[in-house]
Amino acid sequence: MNPMLGFAVKAARRAGDIINRAAENIEQLTVQHKTKNDLVSEVDRAAEAEIINSLKNVYPEHAFLAEESGRTGSSEFEWIIDPLDGTTNFLHGFPVYGVSIALAYKKQLQVAVVFDPCRNDLYTASRGAGAYLNEKRIRVSKRDKLIDCLIGTGFPFKANSDIETYAEMFKTVALNTAGIRRPGAAALDLANVAAGRLDGFWEIGLSPWDMAAGALLIKEAGGLVGDLEGEDQFLETGKIIAGNPKIFAQMLSTLRPHSKKLT
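Residues numbered from 1 in each chain as written. Predicted model: local features only at pLDDT ≥ 70, side-chain atom pairs only at ≥ 80, totals over all residues. Heavy atoms only, no water.

Caption draft 1: Focus on the sheet that holds strand β15 (residues 240-243). The five strands are arranged β12-β11-β13-β15-β14 in an open sheet whose pairing can be described as mixed. Two strands in the sheet have a free side with no partner beyond their single neighbour: β12 (179-181) and β14 (224-226). Within this sheet the neighbouring strands show an average axis-to-axis angle of 15 degrees, counted without direction. Strands in contact with helix α5 (residues 186-194) are β11 (150-153), β13 (200-203) and β15; relative to β13, the strand with the most contacts, it is inclined by about 155 degrees. Its contacts with the sheet place helix α8 (residues 245-259) against β11, β13, β14 and β15, and it is angled at close to 145 degrees to β15. (Pairing = 2+ DSSP bridges. Helix = DSSP H or I, 4+ residues; strand = E, 2+ residues; numbered from the N terminus. Axes fitted to C-alpha atoms, helices over the stretch in contact; angles between N-to-C directions. Contact = heavy atoms within 4.5 Å.)

Caption draft 2: Here's a closer look at the sheet that holds strand β8 (residues 121-126). In space, the eight strands of this open sheet follow the order β4-β3-β5-β6-β7-β8-β9-β10, with mixed pairing throughout. Pairing within the sheet leaves two strands with one partner each, and these edge strands are β4 (70-72) and β10 (136-137). By the bridge criterion, three bridges tie β8 to strand β9 (residues 131-133) in an arrangement that is antiparallel. By the bridge assignment for β9, Y123 is matched with L133. Against the sheet, α5 makes contact with β5 (77-85), β6 (98-105), β7 (108-116) and β8, and its axis sits at roughly 105 degrees relative to β7, the strand it touches most.

Caption draft 3: The arrangement of the environment of G222 in detail. Along the chain, G222 falls in the loop between α6 (208-220) and β14. Put simply, G222 and E27 are 195 residues apart on the chain and 42 Å apart in space, counted from C-alpha to C-alpha. Not counting chain neighbours up to four residues away, the residues in contact with G222 comprise R139, V140 and P245.

Caption draft 4: Layout of α6. Its 13 residues place the ends of α6 18 Å apart at the C-alpha level, agreeing with the 18 Å of an ideal helix rising 1.5 Å per residue. Within two residues after α6, G222 carries a phi angle of roughly 95 degrees, on the positive side. (Expected span 1.5 Å × (residues − 1).)

Caption draft 5: Highlighting unusual backbone geometry. One non-glycine residue, K106, lies in the positive phi region at around 50 degrees. Turning to its location among the elements, K106 is positioned in the loop between β6 and β7. Take K106: its relative accessible area is 52%, and that puts it in the exposed class. (Buried < 20%, exposed > 50% of the residue type's maximum accessible area, 1.4 Å probe, protein only.)

Caption draft 6: Representation of α8 in the model. Between its terminal C-alpha atoms α8 stretches 20 Å, which fits the 21 Å expected from 15 residues at 1.5 Å a residue. At S253, α8 shows its largest kink, close to 30 degrees, and the proline P257 lies no more than four residues downstream. On its buried side, α8 packs onto β11, α4 (163-175), β13, β14 and β15. The N-cap of α8, judged by a side-chain oxygen 3.1 Å from the amide nitrogen of K246 a few residues on, is N244. (Bend = angle between axes of the 7 residues up to and from the residue. Polar contact = N/O pair within 3.5 Å; in protein donor to acceptor, adjacent residues only side chain to side chain.)

As structure tokens, this is what we get:
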């Protein structure tokens, strides 16, 4: 295993332990609203601190971009971290949430870990070395017709978030696929695309830490990831489409008429 990936796995599992212990006493947690519908708990912060401290012990010169603490340090190596993707699910006891860690070198994704502490599922990828679920190689699905596909998404919930245009997109995709799923944790949704459980995924209004690890998983599993124009700017724009190669192209053409309306 790539040494950097190995350390990321250890950090993700340590964060998962913090999350699992806290899940036994959710009612006792301190919760704050960052913005409307955007929650943060002491568990998010504790898990993030554990990840950053674990990685800093090994790579003190690296930079970090994390959901709760923002960007720290300056380096060509940058760890992109979501310590608890799906906080709202977690706080409701809805078992769909996870830890997401990616490493970029000169803005190019190199390693990725998405850990589901509820199922003890570990998704990993290294650039050029494939994607794995619990050490078993995974690939994107082989479906080639959008009408046969199960597509993942996430609802834009923040203020001024293009909800009306998103609703149009949702309707169009619903009418042209076998179904849509919205579990509420983008990192796990993207991991499920990599594993072939979802044929594609799209969302708007995401942050880099929601997408980075999942994007590399999909690429290493043979899929494609881009923004709503099909370009590689999704980490900057927060708008993402992902899927197996044939479905990616069909999703792009299906959503393009709506994407032009987005702010």
